[in-house]
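The lines below spell out each chain.
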Amino acid sequence: MRLTFHGHACVRLDGDGTRLALDPGTFADAQAALDGATAVLITHEHPDHVDASAVVAALAADAGLEAWGTAGAVEALTAAGAPAERVHAVRPGDVLELGQARVTVGGGEHALIHAAIPRATNVTFLVELDGATAYHPGDSFDPPAGDVDVLLTPVSGPWLKLGEVIDLVRAASARHLVPVHDALLTEVGHRMVGGRLSDRALVGERAYRRLGPGESLTV
């Protein structure tokens, strides 16, 4: 499986003829992630996770492309002009067979920003493809249920502090850590986060791999 980072929370997973675009949002190069995709997965409806206009354009350009996400994400897409029959709401516990990929849906709630701010529904995606596994938690600290090859690790945001990220990493058995949700970080912030998440005494034997937009990791 080849994992390509397209900025912020967006990655593309390619393997065995299947090409999944996850969370193509407005802080990412959504168009690049969607180009040639065979399916789209969206953890929740916040714009930094779903660029509705870009997804609708991709659906219009490819009659075979479909998208799966929370009910809020589906509503955002249909409001932007997506054909209702090609966008599908998912819930925790669902299992999707998308080409050669098996996708298990988990999660439930967006991480708390503040008690006065309503919490969106947020799902997680565990993708099994080409003999490897990758886990996207969206905006949550929900760990995967079992071992994974890649934990897409959120590292910045108004709902996040580094200690909670460290707890997520410690709770998840993952060989590789790939930071995501990073648009708010400066280079200073990236160095600090990378130092902590590379500390074996703190998080164990993990390979921390920061990818620039368009860079890939083969698992």
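Quick notes on the rules
Residues numbered from 1 in each chain as written. Predicted model: local features only at pLDDT ≥ 70, side-chain atom pairs only at ≥ 80, totals over all residues. Heavy atoms only, no water. Buried < 20%, exposed > 50% of the residue type's maximum accessible area, 1.4 Å probe, protein only. Helix = DSSP H or I, 4+ residues; strand = E, 2+ residues; numbered from the N terminus. Pairing = 2+ DSSP bridges. Right-handed = clockwise from strand over helix to strand, strands pointing away. Core = buried A, V, L, I, M, F, W, Y, C linked by side-chain atoms within 4.5 Å. Contact = heavy atoms within 4.5 Å. Axes fitted to C-alpha atoms, helices over the stretch in contact; angles between N-to-C directions. Arc of directions from axis to C-beta. Salt bridge = Lys/Arg side-chain N within 4 Å of Asp/Glu carboxyl O. Left-handed = near helix turned anticlockwise from the far one by under 90°. Nonpolar A, V, L, I, M, F, W, Y, C, P; charged D, E, K, R; others polar.

A look at the pairing of strand β4 (residues 39–42)
For a regular strand, the rule is simple: side chains alternate between the two faces of the sheet. Burial of the side chains of β4 extends over both faces: A39 and L41 are buried on one face and V40 and I42 on the other. Judged from the three bridges that link them, strand β3 (residues 18–22) and β4 form a sheet pairing that is parallel. Looking across to β4, one finds that L22 is bridged to L41. Here three bridges tie β4 to strand β5 (residues 67–69), and the two strands are oriented parallel to one another. Pairing of V40 across the sheet is with A67, part of β5. For the segment spanning β4, helix α2 (residues 52–61) and β5, crossover handedness is right-handed.

A word on the nonpolar core
Judged by nonpolar contacts, the single largest core of 28 residues is most densely connected at L13, L20, L41, V103 and V127. Ranked by residue count, the leading element in this core is strand β9 (residues 121–129), at four residues. Once you skip the residues sitting within four places of it in the chain, L41 turns out to touch L20, A21, L22, D23, P24, W68, L96, L98, V103, F125 and V127. Listed in part, the 23 residues of the second largest apolar core include C10, A28, L65 and V74.

Here's the deal with the sheet that holds strand β12 (residues 174–180)
Spatial ordering of the open sheet is given by β7-β8-β9-β10-β11-β12-β13, a layout of seven strands whose pairing is mixed. The open sheet is flanked by β7 (95–98) and β13 (207–208), the only strands paired with a single partner. Pairing geometry for β12 and β13, over two bridges, is parallel. Bridged to L177 within β13 is Y208. Each of β11 (148–154) and β12 touches helix α4 (residues 162–171); the most contacted strand, β11, lies at about 170° to it.

Structural notes on α2
Taken together, the buried positions of α2 are occupied by A52, A54, V55, V56, A58 and L59. The inward-facing, buried residues of α2 contact α1 (30–34), α3 (71–79) and β6 (87–89).

Quick notes on the side chain of T18
With respect to the helices and strands, the residue T18 is situated in strand β3. Look past the residues within four positions of T18 in its chain and what remains in contact with it is L13, T38, L98, G99, Q100, A101 and L129.

Quick notes on helix α5 (residues 187–197)
All of the buried residues along α5 are G189, H190, V193, G194 and L197. The buried residues of α5 occupy an angular sector of 125° when projected down its axis, which confines them to one face. Facing away from the buried side of α5 by more than 90 degrees, the exposed set consists of V188, R191 and M192. Taken together, the buried residues of α5 touch β11, α4, β12, α6 (200–203) and β13.

So, the pattern of salt bridges
Side chains that carry opposite charge are capable of pairing whenever their charged atoms lie near each other. As enumerated under the stated definition, the model contains eight salt bridges in all. Close ionic contact of D14 with R12 constitutes a salt bridge, the shortest N to O distance being 3.0 Å. Residue classification places R12 among the buried residues on the basis of a relative accessible area of 8%. A salt bridge links D149 to R175; its shortest N-O distance comes to 3.0 Å.

A few points about the packing of α4 against α5
How two helices pack is summed up by the angle between their axes together with the distance between the axes. Where α4 meets α5, the closest approach of the two axes is 11 Å, and the angle between their N-to-C directions is 35°. Crossing hand, α4 versus α5: right-handed. For the pair formed by α4 and α5, the contact residues are L162, V165, I166 and V169 on the first element and M192, V193, R196 and L197 on the second. Its residues assigned to classes, the contact of α4 with α5 shows seven nonpolar, no polar and one charged.

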